[in-house]
Amino acid sequence: MNQALFIFKRLSDSELRRFAAEGYLVCGATLSAPGLEQIRGECMAAWNREKSAFDPDKTWLENALLPNIHHRSAMVRQFYFAGPLVDVAEQIIGPNLKAATSQLTFKTRGNRMVFPWHQDNGYGELEPYNALSCLTALDDTSLENGCLWVIPGSNRTGQQAHAQGKAAADVKHGAELMARAEESKAVPVPMKAGESLVMSCWTLHKSGPNRSGRDRRILFFRYADADAVEVYNQRRPRLGRLLRGRTRFEEVRRFEADL
Ligand SMILES: O=C(O)CCC(=O)C(=O)O
């Protein structure tokens, strides 16, 4: 892949310390201007093939989520498997690394749904607990168009209980989940298009409504230790492409389904 599309980086010791303390880090641009334009084009082509305009009667899943985007875009595949976030994930998780999830989360104009407080490990608990969520903004994100909010330091409180939400509308994977969060500690995380945010699997986060006339499109990856297991699924190994190092699981070594 044309190196000019991606911006590779190495986190400094102070960034790594900040990540460990706060559970999140905006690590700057990972896509160049041409890279952003190309990936946005490929993501939009996939989105327009499979999704329709925002409909308030539909669920979060139907309106805002397109899973496995790396199956639908060659550039996303490169970015996910061999882009700058793999290096960042290796620095945080360690030398043995696999790709765990890719998806688009598009809070398009008109989508005033709030995505409630949760940990990503509240939806799909992986062990060990060093899985990393990496969000790359495809638009500038702000309070007006539904940027993310986080609770700094919540990564240090461990796995939290998640309750079924009250809302009738499903939010994700068929059911809304929400965790308790001290709202007074929440901070918004606005981003520039092409920048990435990395978060611990335990970092509490939410997103607000999109009240603007602009879309808020995010490309979302999860990386995990190559030996990570699904706690919610009889501790079976999470299947995903082995990106770095080694794994004790034969089925992960053999996993080719997402090539
Ligand atoms: O895209 C959003 O607004 C929130 C998405 C999110 O936090 C998630 O999918 O875990």
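Worth saying up front: this structure is predicted, and the values here are computed from it rather than measured.

A. Structural context of the overall build of the protein. A tally of helices and strands in the protein yields seven helices and 16 strands. Against the globule reference of 18 Å for 259 residues, the protein gives a C-alpha radius of gyration of 17 Å, in line with a compact fold. With the C-alpha coordinates aligned to their principal axes, the bounding extent of the protein is approximately 45 × 40 × 35 Å. Counting every position in the protein, which comprises 259 residues, the buried fraction comes to 42%. Long-range contacts, defined here as pairs at least 24 residues apart, represent 82% of the contacts in the protein between residues at least 6 apart.

B. Representation of the site of the ligand. Close to the ligand lie Thr105, Lys107, Phe115, Asp120, His205, Ser207, Ile218 and Phe220, which account for all nearby residues. Taken together, the elements giving at least two residues each to the shell around the ligand come down to strand S3 (97-107), strand S12 (205-207) and strand S13 (216-225). Classifying every residue of the shell around the ligand by side-chain character gives three nonpolar, three polar and two charged.

C. Inspection of the sheet that holds strand S15 (residues 236-237) at higher detail. Taking strand neighbours across the sheet as the criterion, the three strands line up as S5-S14-S15 in an open arrangement whose pairing is antiparallel. On the outer flanks of this sheet lie strand S5 (126-127) and S15, each paired with one strand and no other. In the sheet, strand S14 (residues 229-230) pairs with S15 via two bridges, with the strands oriented antiparallel. Directly across from Val229, in S15, lies its bridge partner Pro237.

D. Summary view of the environment of Arg254. Examined against the element boundaries, Arg254 turns out to sit in helix H7 (residues 250-254). You can call Arg254 exposed: it has 10 C-beta atoms within 10 Å. Residues Arg254 and Phe19, 235 residues apart in the sequence, show an inter-C-alpha distance of 33 Å.

E. Looking closely at the pairing of strand S11 (residues 195-200). Of all six residues in S11, six are buried; the element is thus mostly enclosed. One ladder, built from four bridges, connects strand S1 (residues 24-29) with S11; its direction is antiparallel. Bridging from a neighbouring strand, Ala29 pairs with Glu195 of S11.

F. Summary view of the nonpolar core. If you look at the biggest cluster of nonpolar residues, it comprises 61 residues, and the most contacted ones within it are Ala89, Val198 and Tyr223. Top element by residues in this core is helix H5 (residues 84-93). It accounts for six residues. Other than its neighbours up to four places away in sequence, Ala89 contacts Leu97, Leu132, Cys134 and Tyr223.

G. Expanded view of the confidence of the model for the protein. Per-residue pLDDT for the protein averages 92, and the proportion of residues at 70 or more is 92%. Predicted confidence for residues 168-174 stays below pLDDT 50, and this span has 17 contacts to residues more than four positions away or in other chains.

H. Structural context of the environment of Arg77. Checked against the element boundaries, Arg77 lands in helix H4 (residues 74-82). Looking at Arg77, the number of C-beta atoms within 10 Å reads 21, which means it is buried. Measuring from C-alpha to C-alpha, the distance between Arg77 and Leu197 comes to 18 Å, with 120 residues separating the pair along the chain.

I. Representation of the sheet that holds strand S4 (residues 115-118). Ordered in space as S4-S12-S7-S10, the four strands form an open sheet in which the pairing is antiparallel. Bordering the open sheet on either side are S4 and strand S10 (187-189), each of which pairs with just one other strand. With strand direction ignored, the average angle separating the axes of adjacent strands in the sheet is 25°. Relative to S12, strand S7 (residues 148-150) runs antiparallel, the two sharing three bridges. Counted as the bridge partner of Val150 is His205 from S12.

The rules behind each value
Residues numbered from 1 in each chain as written. Predicted model: local features only at pLDDT ≥ 70, side-chain atom pairs only at ≥ 80, totals over all residues. Helix = DSSP H or I, 4+ residues; strand = E, 2+ residues; numbered from the N terminus. Rg over C-alpha atoms; globule rule 2.2 N^0.38 Å. Buried ≥ 20, exposed ≤ 12 C-beta atoms within 10 Å, placed from the backbone. Contact = placed C-beta atoms within 7 Å. Near = placed C-beta within 6 Å. Nonpolar A, V, L, I, M, F, W, Y, C, P; charged D, E, K, R; others polar. Pairing = 2+ DSSP bridges. Core = buried A, V, L, I, M, F, W, Y, C linked by C-beta atoms within 7 Å. pLDDT = per-residue confidence, 0-100. Axes fitted to C-alpha atoms, helices over the stretch in contact; angles between N-to-C directions.

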